[in-house]
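Geometric and topological summary
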Amino acid sequence: MERTGEEEAHRPVPLPPVQELAGRQGAGDDVPARYVARRAHDDADATAAAAPVPVIDLGRLCQPATTASGEGSAADEAGRLRSALQSWGLFLVTNHGVEASLMDAVIEASREFFRQPLEEKQKHTNLIDGKHFQLEGYGNDRVSSEDQVLDWCDRLYLKVEPQEERNLALWPTCLRDVLHEFTKECTRVKDRLLPEMAKLLELDDDYFVNQLGDKADTHARFNYYPPCPRPDLAFGLKPHSDASFISLLVVDDSVGGLQVLRDGAWYDVPARPHTLLINLGDQMEIMSDGIFKSPVHRVVTNAEKERLSVVLFYSVDPEREIQPAAKLIDENHPPLYKKVKVKEYVAGLYEHFSQGKMVIETAKIYDTSMYVENLQYVKC
Ligand SMILES: O=C(O)CCC(=O)C(=O)O
Ligand SMILES: [Fe+2]
């Protein structure tokens, strides 16, 4: 869409990276007003309990079906997976086949990137000509208004699949090879998981894989959360659900911060070394007609320590439309979600996120927003 002169005039000025801001702040300082997302001490969840999210052994889950049941069997693991998908929408995966050294390397490469001087990082900026925002690259998320509440986080966002659409000019040398390897390995994990999820819904094993399409797109997001002088006021990432189909994460195992919302309460998501974290996205919630959940989650900040995470967002071909799987619908199970075009849905995420709203509400046939508690952050 063309910009009008008026829009140009009102376009917000690019912001300094949070890492620079954090470097200038002293301990005990306040954060700038634009990062204040909640009132100090009004958060009953300041001492969130650890979420007892299921841990799935992928090797066991995928072992050839036998009649065996009970502890340690594939059926037992599938039962745990079902409960993970229907209740939390996220789970930890062990025995996934991704080398521990590769997981360490991806976090280390990310740390190396963010430790570089600003001029180096700016070579991968997400601002064209220093002003027009594009999704890919290094910087903040899109800032579309002066009163948007900002996150205490810098990020590097890169398209990794389809491979021929990689914009390698934006890929820092320090993480090029490691990102390529990591994506390859995570894609294998995703391809092993999706048939198991389809089976749980009695869909064809390849249903979800086929839904992704040949032109499915995958983006990597490297999140860097600098220490924040006021964790009680600012979020690393505001509450949101992922617009993806499924997201695979490797998170800093030395610093917590990710929290998930369940039944109106926030829980800390535990981080275990060399475990992958899987988070379902909205596209999966829509296709499973709400049987599988795309969880609302957020990241809280830490006063002393930096934190890193690397996320791979797997998404359906943007040119496709998605809707609840026909096999799940009958007169007793009406569709709860509308048909949506993936490209438009994903674009809607950023618009909604910047306003503290959930894009999934736009896909629901019945308005359930009044039941979604505790989502809004406050503008003070
Ligand atoms: O940093 C994390 O643990 C979560 C990041 C996240 O939710 C996201 O990038 O969408
Ligand atoms: Fe997320």
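This report concerns the structure included in the present document. (Residues numbered from 1 in each chain as written. Chains lettered and ligands numbered in written order. Predicted model: local features only at pLDDT ≥ 70, side-chain atom pairs only at ≥ 80, totals over all residues. Heavy atoms only, no water.)

Looking now at the overall build of the protein chain. Within the protein chain, the regular secondary structure consists of 10 helices and 17 strands. Looking at the protein chain residue by residue over its 380 residues, the buried ones come to 52%. At a minimum sequence separation of 6, the contacts of the protein chain that also span at least 24 residues come to 77%. Surface summary for the protein chain: the accessible area is close to 17400 Å², and the carbon and sulfur share equals 50%. (Helix = DSSP H or I, 4+ residues; strand = E, 2+ residues; numbered from the N terminus. Buried < 20%, exposed > 50% of the residue type's maximum accessible area, 1.4 Å probe, protein only. Contact = heavy atoms within 4.5 Å. Areas by Shrake-Rupley, 256 points an atom, 1.4 Å probe, with all protein chains shown as cover.)

What follows is about the coordination of the iron ion (ligand 2). Those protein atoms acting as donors to the iron ion (ligand 2) are His240 (NE2), Asp242 (OD) and His297 (NE2), and they sit at 2.1 to 2.2 Å. In primary sequence terms, the donor set of the iron ion (ligand 2) follows H-x1-D-x54-H. Pair noted here: His240 is in strand β9 (residues 235-240) and His297 is in strand β14 (residues 297-300), with a separation of 57 residues, a long-range link. For the pair His240 and His297, one class covers both residues: buried. (Donors = N, O, S within 2.8 Å, 3.2 Å for Na, K, Ca; no water.)

This paragraph deals with empty space enclosed by the protein. All told, the structure shown has 4 cavities of 30 Å³ or more when counted by the stated rule. In this structure, the largest cavity occupies an estimated 170 Å³ of space. Along its surface, the largest cavity is lined by 17 residues, and Asn140, Asp141, Arg142, Gln148 and Asp151 are the ones closest to its centre. Where the lining of the largest cavity is concerned, the elements lending two or more residues are β9 and α10 (342-354). In terms of residue count, α10 provides more of the lining of the largest cavity than any other element does, 3 residues in total. In terms of residue class, the lining of the largest cavity is built from 8 nonpolar, 3 polar and 6 charged. (1 Å grid on protein atoms, 1.4 Å probe; cavity = no way out; pocket = protein on both sides within 12 Å on 5 of 7 lines; lining within 4 Å. Points joined across faces, edges and corners; volume = space filled by probe spheres on them. Nonpolar A, V, L, I, M, F, W, Y, C, P; charged D, E, K, R; others polar.)

A separate point is the site of ligand 1. In the vicinity of ligand 1 there are 15 residues, among which Asn223, Tyr225, His297, Arg307 and Ser309 approach most closely. Side-chain polar atom of Asn223 to an oxygen atom of ligand 1: 3.0 Å apart, as the coordinates give it. Compared with its free state, where it exposes 300 Å², ligand 1 has 97% of that area covered by protein. Those elements giving two or more residues to the shell around ligand 1 turn out to be β8 (217-225), β9, β10 (246-251), β14 and β15 (307-315). It is β15 that provides the largest number of residues to the shell around ligand 1, a total of 4 residues. Looking at side-chain class alone, the shell around ligand 1 contains 8 nonpolar, 4 polar and 3 charged residues. (Near = heavy atom within 4 Å. Polar contact = N/O pair within 3.5 Å; in protein donor to acceptor, adjacent residues only side chain to side chain.)

A few words now on the sheet that holds strand β1 (residues 49-50). If you walk across this open sheet you meet the 5 strands as β1-β12-β11-β14-β9, and the pairing is mixed. Every other strand in the sheet has two partners, leaving β1 and β9 as the edge strands with one partner each. Direction of pairing for β9 relative to β14: antiparallel, over a ladder of 3 bridges. Bridge pairing in β14 places Phe235 opposite Val300. (Pairing = 2+ DSSP bridges.)

As a further point, take the pattern of salt bridges. This structure, assessed with the given rule, holds 26 salt bridges. A salt bridge links Lys215 to Glu164; the nearest nitrogen and oxygen atoms lie 3.8 Å apart. Of this pair, Lys215 sits in the loop between α8 (207-212) and β8 while Glu164 sits in the loop between β7 (154-161) and α7 (173-200), and the two are 51 residues apart along the sequence. Given a relative accessible area of 60%, Glu164 falls into the exposed group. Through salt bridges with shared partners, one network takes in Asp57, Arg60, Asp76, Glu77 and Arg80. (Salt bridge = Lys/Arg side-chain N within 4 Å of Asp/Glu carboxyl O.)

The next thing to look at is the sheet that holds strand β3 (residues 90-94). The strand order across the open sheet formed by 8 strands is β2-β3-β13-β10-β15-β8-β7-β6, and the pairing between neighbours is mixed. The open sheet has two edge strands with one neighbour each: β2 (55-57) and β6 (137-139). Adjacent strand axes in the sheet meet at a mean angle of 25°, parallel and antiparallel pairs treated alike. Pairing geometry for β7 and β8, over 7 bridges, is antiparallel. Looking at the pairing, Tyr157 lines up with Arg221 of β8. Strands in contact with helix α4 (residues 74-88) are β2, β3 and β13 (276-280); relative to β2, the strand with the most contacts, it is inclined by about 145°. Most of the contacts of α7 go to β15, to which it runs at about 55°, and overall it touches β3, β7, β8, β10, β13 and β15. (Axes fitted to C-alpha atoms, helices over the stretch in contact; angles between N-to-C directions.)

Quick look at the side chain of Gln148 now. Turning to its location among the elements, Gln148 is positioned in the loop between β6 and β7. There is a polar contact of 2.9 Å between the side chain of Gln148 and the backbone oxygen of Arg142.

An α-helical turn contains 3.6 residues, so any two residues separated by three or four positions project in the same direction. The end-to-end C-alpha distance of α7, which contains 28 residues, comes to 41 Å, matching closely the 40 Å that a straight helix rising 1.5 Å per residue would cover. Along α7, the largest kink reaches about 25° and is centred on Leu179. (Expected span 1.5 Å × (residues − 1). Bend = angle between axes of the 7 residues up to and from the residue.)

Quick look at the packing of α4 against α7 now. Look at α4 against α7: their axes get within 10 Å of each other, and the N-to-C directions meet at 85°. Here α4 is positioned roughly perpendicular relative to α7, judged by the angle of their axes. Along its contact with α4, which presents Ala78, Leu81, Arg82 and Leu85, the element α7 presents Glu196, Met197 and Leu200. Its residues assigned to classes, the contact of α4 with α7 shows 5 nonpolar, no polar and 2 charged. (Parallel < 35°, antiparallel > 145°, perpendicular 65-115°, else oblique.)

This part takes up the pairing of β8. Across the 9 residues of β8, 9 count as buried, placing the element largely inside the fold. With burial as the criterion, each face of β8 is covered, one bearing Asp217, His219, Arg221, Asn223 and Tyr225 and the other bearing Thr218, Ala220, Phe222 and Tyr224.

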